[in-house]
Amino acid sequence: MQPKQKLLAEIPSVDELLKSPYGAKWLEAYPRKTVIRAVRETLDRKRKKILAGQSAELSGDEITRSIENKIKELSAYKLKPLINATGVVIHTNLGRAVLSGRAIENMKCLAGSYSNLEYELLHGKRGKRYSHIKDILRELSGAEDALVVNNNAAAVLLCLNTFAKDREVVVSRGELVEIGGSFRIPEVMRASGAILREVGSTNKTHLTDYGNSLCGNTALLLKVHQSNYKITGFTDEVPLEELAKLGREYKIPVMADLGSGCMIDFEKYGIHGEPSVQGILKTGADIVTFSGDKLLGGPQAGIILGKERFMQKLQKNPLLRAVRIDKLSLAALEATLMQYLDEEKAVKEIPTLRMLTQPIDEIKKRARKIYNYLKKDTGSYAVIEILKDQSRAGGGSLPETDFPTFVVSIKPSKTSVNTLEKRLREGAPPVIARIKEDALIIDARTVGEREVKDLVKCVKEALS
Ligand SMILES: *Cc1c(COP(=O)(O)O)cnc(C)c1O
């Protein structure tokens, strides 16, 4: 082994590399800052290896290759598309709803141009960004008025702060949920300045519990969608109709945080347990909030529906400015909502709805396609089969509902399933899959038709 000093002296200098033909090529194609950082970090790594007594490849080829890889790594965006093979349709960690083609088009169109975002073309004066989607939301939902904000957490916060600051909000103990990402009803309540008045017990809450809790300081009766969990067994909750009736009787507004909120009747597609927004409004709830990027299948947004006088009060709250929706989300939301005018088309063209309502035969066909491509030249690397399994809606919706699906199960023979999962996760594009009993599971439900080729390429690379 050569002495460390001698090895260290073999490492080229940053300057040498920048002045080499390679350096010139890099500097032409990439920002100087990026190139210098890549060269420095690569050389540093070599130096550290030598000092630690490990072997370091110092050939010119290896150094330039390492630098080029580093430049590419530094130049790539950190936020990037990936393939969701988990079968969880509304996956919060994976960016929730995939937008429809029309929503993407409209976003693009608005992004590179001035717009009438807050300008009334008819009168040539200042307008409101909230005006554009009021009509379509009213038409689709039957609500008297509508307002949209940044997300549903903001919608809930804004409503509580507007209607119940320093006053009591009555909520069942069975609905004090945490929906993940640290959104917890009691904490949001505190942040809004409202006072939480818990009633009932975890598994049972009766109308009399709500009735007995009312006092001069009660501002709101709140019903929260249980979202990602379900209480089963000896349970009782008060239907929204009855709560609304109680509210009317005592002149206390009733609010429902639906979480997902779906705008079509899922029962028609054999999906039970998620009442539609229209149905909820018919129960007589005064204010209804839900997300734009859960079951609706649109951009991140918080949608608030209800009586005009409530929406007007919300618009006077200075907090609204802090949680306002941005123009690109608004563009995507308007386009998505317009698609709901033709429900038959909507369930095919809005990816979230398409994935949830897709006939099982189509999923099976896609699984078979993935399987057939994979079968070719992976014979000795893995045991691959098509299996029946269950997908999930995700996004805190339909927690108990099974969505029968077909998956491609891959049992690698030359590497562990954990290594395979990790390689796929770190691939280009990354593929996110789950492990079940020593097999990697690729759920065909959430893999787009156009992603199949990339998916297959990544799996083959990761296996070999
Ligand atoms: C998801 C959810 C929220 C938060 O919605 P975001 O759009 O993520 O801000 C609030 N309440 C319930 C019940 C939810 O399921």
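Keep in mind that what you see is a predicted model, and the values were worked out from it rather than measured.

1. Description of the packing of helix 19 (residues 417-425) against helix 20 (residues 452-463)
Here is step 1 of the chain: Two elements in contact, helix 19 and helix 20, have axes whose closest approach is 9 Å; the angle formed by their N-to-C orientations is 135 degrees. The angle between helix 19 and helix 20 places the two elements in the oblique class. Once helix 19 is placed against helix 20, the crossing between them reads as right-handed. Only Cys 458, Val 459, Ala 462 and Leu 463 of helix 20 make contact with helix 19, whose side of the interface consists of Leu 420, Arg 423 and Leu 424.
Here is step 2 of the chain: Partitioning the contact of helix 19 with helix 20 into residue classes produces six nonpolar, no polar and one charged.

2. A look at the site of the ligand
Here is step 1 of the chain: As a matter of local geometry, the ligand sits amid Arg 96, Asn 151, Asn 152, Ala 153, Ile 179, Phe 183, His 225, Ser 227, Asp 257, Gly 259, Ser 291 and Lys 294.
Here is step 2 of the chain: Here an oxygen atom of the ligand and a side-chain polar atom of Ser 291 are 2.5 Å apart.
Here is step 3 of the chain: Bound to the protein, the ligand loses 95% of the 380 Å² it would expose on its own.
Here is step 4 of the chain: Residue assignment for the shell around the ligand shows that the elements contributing at least two residues are helix 8 (152-164) and strand 9 (254-259).
Here is step 5 of the chain: Among the residues making up the shell around the ligand, the classes are represented as three nonpolar, six polar and three charged.

3. Examining the pairing of strand 13 (residues 403-412)
Here is step 1 of the chain: For strand 13, the buried fraction is high: eight of the 10 residues fall into the buried class.
Here is step 2 of the chain: As judged from the 10 bridges shared by strand 12 (residues 382-394) and strand 13, these two strands associate in the antiparallel manner. If you follow Val 383 over to strand 13, its bridge partner there is Lys 411.
Here is step 3 of the chain: Bridge count for strand 13 against strand 16 (residues 439-443) is four bridges, and the pairing is antiparallel.

4. Here's the deal with the packing of helix 3 (residues 21-29) against helix 5 (residues 60-75)
Here is step 1 of the chain: Where helix 3 meets helix 5, the closest approach of the two axes is 12 Å, and the angle between their N-to-C directions is 10 degrees. When the interaxial angle is binned, helix 3 and helix 5 end up roughly parallel. When helix 3 is examined against helix 5, the residues Tyr 22, Lys 25 and Trp 26 are found in contact with a partner set consisting of Thr 64, Ile 67, Glu 68 and Ile 71.

5. Side note on the sheet that holds strand 2 (residues 88-90)
Here is step 1 of the chain: The strand order across the open sheet built from five strands is 2-12-13-16-15, with neighbouring strands paired in mixed fashion. If you trace the sheet from one side to the other, it starts and ends with strand 2 and strand 15 (434-436), each paired once. The sheet shows a mean angle of 40 degrees between the axes of neighbouring strands, direction not considered.
Here is step 2 of the chain: Pairing analysis gives three bridges linking strand 15 to strand 16, with the strands arranged antiparallel. From the neighbouring strand, Arg 434 faces strand 16, where its bridge partner is Ile 441.
Here is step 3 of the chain: Contacting strand 12, strand 13 and strand 16, helix 18 (residues 360-375) runs over the sheet at an angle of about 10 degrees to strand 13.
Here is step 4 of the chain: Strand contacts of helix 19: strand 13, strand 15 and strand 16, with the helix running at about 40 degrees to strand 16, the strand carrying the most contacts.

6. Considerations on the packing of aromatic side chains
Here is step 1 of the chain: On inspection of all chains with the given rule, the structure shows two aromatic pairs.
Here is step 2 of the chain: Centroid distance Phe 163 to Phe 310: 5.5 Å. Interplanar angle 90 degrees. Geometry classified as edge-to-face. Remark: Phe 310 occurs in helix 13 (residues 308-315) and Phe 163 occurs in helix 8; sequence separation between them is 147 residues.
Here is step 3 of the chain: Note on Phe 163: relative accessible area 8%, which makes it buried.
Here is step 4 of the chain: A cation over a ring is seen here: Lys 204 above Phe 234, with NZ or CZ 3.7 Å from the ring centre.
Here is step 5 of the chain: Its end group placed over the ring of Tyr 381, Lys 414 keeps NZ or CZ at 4.8 Å from the ring centre.

7. Remarks on the side chain of Thr 205
Here is step 1 of the chain: The residue Thr 205 is located in the loop between strand 7 (195-199) and helix 10 (207-213) in this model.
Here is step 2 of the chain: The contact partners of Thr 205, leaving out residues within four places of it in the chain, are Ser 172, Arg 173, Val 199, Gly 200, Tyr 210, Asp 236, Glu 237 and Val 238.

8. Thoughts on the domain arrangement of the chain
Here is step 1 of the chain: Domain parsing of the chain yields domain 1 (3-74), domain 2 (83-91 + 357-463) and domain 3 (101-349).
Here is step 2 of the chain: Centre-to-centre, using C-alpha coordinates, domain 2 lies 34 Å away from domain 3.
Here is step 3 of the chain: The interface is formed by 10 residues belonging to domain 2 together with 16 residues belonging to domain 3.
Here is step 4 of the chain: Of the roughly 990 Å² buried where domain 2 meets domain 3, counting both sides, 70% is carbon and sulfur surface.
Here is step 5 of the chain: On the surface where domain 2 and domain 3 come into contact, there are zero salt bridges.
Here is step 6 of the chain: Where domain 2 touches domain 3, the interface holds three residue pairs in polar contact (both at pLDDT 80 or more).

9. Some words on the sheet that holds strand 7
Here is step 1 of the chain: Strand order in the open sheet made by the seven strands is 5-11-10-9-8-6-7, with mixed pairing throughout. Whereas interior strands pair on both sides, the edge strands pair on one side only; in this sheet they are strand 5 (145-149) and strand 7. Looking at each pair of strands side by side, their axes are set apart by 25 degrees on average, direction ignored.
Here is step 2 of the chain: The pairing of strand 6 (residues 168-172) with strand 8 (residues 218-224) spans four bridges and is parallel.

10. Points about the pattern of salt bridges
Here is step 1 of the chain: Inspection of the entire model under this criterion finds 32 salt bridges.
Here is step 2 of the chain: Glu 62 is paired through a salt bridge with Arg 65; the nearest N and O atoms lie 3.9 Å apart. With Glu 62 and Arg 65 both in helix 5 and three residues apart, this pair spans about one turn of that helix.
Here is step 3 of the chain: Judged by its relative accessible area of 48%, Arg 65 falls in the partly exposed class.

11. Looking at the environment of Asp 166
Here is step 1 of the chain: Mapped onto the elements, Asp 166 comes out in the loop between helix 8 and strand 6.
Here is step 2 of the chain: Considered as a pair, Asp 166 and Gly 180 are 14 residues apart in the sequence and their alpha carbons are 26 Å apart.
Here is step 3 of the chain: Sequence-distant contacts of Asp 166, that is, excluding residues within four places in its chain, are made with Gly 193, Ala 194, Ile 195 and Asn 217.

The rules we used
- Residues numbered from 1 in each chain as written.
- Predicted model: local features only at pLDDT ≥ 70, side-chain atom pairs only at ≥ 80, totals over all residues.
- Heavy atoms only, no water.
- Axes fitted to C-alpha atoms, helices over the stretch in contact; angles between N-to-C directions.
- Helix = DSSP H or I, 4+ residues; strand = E, 2+ residues; numbered from the N terminus.
- Parallel < 35°, antiparallel > 145°, perpendicular 65-115°, else oblique.
- Left-handed = near helix turned anticlockwise from the far one by under 90°.
- Contact = heavy atoms within 4.5 Å.
- Nonpolar A, V, L, I, M, F, W, Y, C, P; charged D, E, K, R; others polar.
- Near = heavy atom within 4 Å.
- Polar contact = N/O pair within 3.5 Å; in protein donor to acceptor, adjacent residues only side chain to side chain.
- Areas by Shrake-Rupley, 256 points an atom, 1.4 Å probe, with all protein chains shown as cover.
- Buried < 20%, exposed > 50% of the residue type's maximum accessible area, 1.4 Å probe, protein only.
- Pairing = 2+ DSSP bridges.
- Phe/Tyr/Trp six-rings, centres within 6.5 Å; stacked < 30°, edge-to-face > 60°.
- Lys NZ or Arg CZ within 6 Å of the ring centre and 35° of its normal.
- Domains from an automatic or database assignment.
- Buried area = accessible area lost by both parts, 1.4 Å probe.
- Salt bridge = Lys/Arg side-chain N within 4 Å of Asp/Glu carboxyl O.

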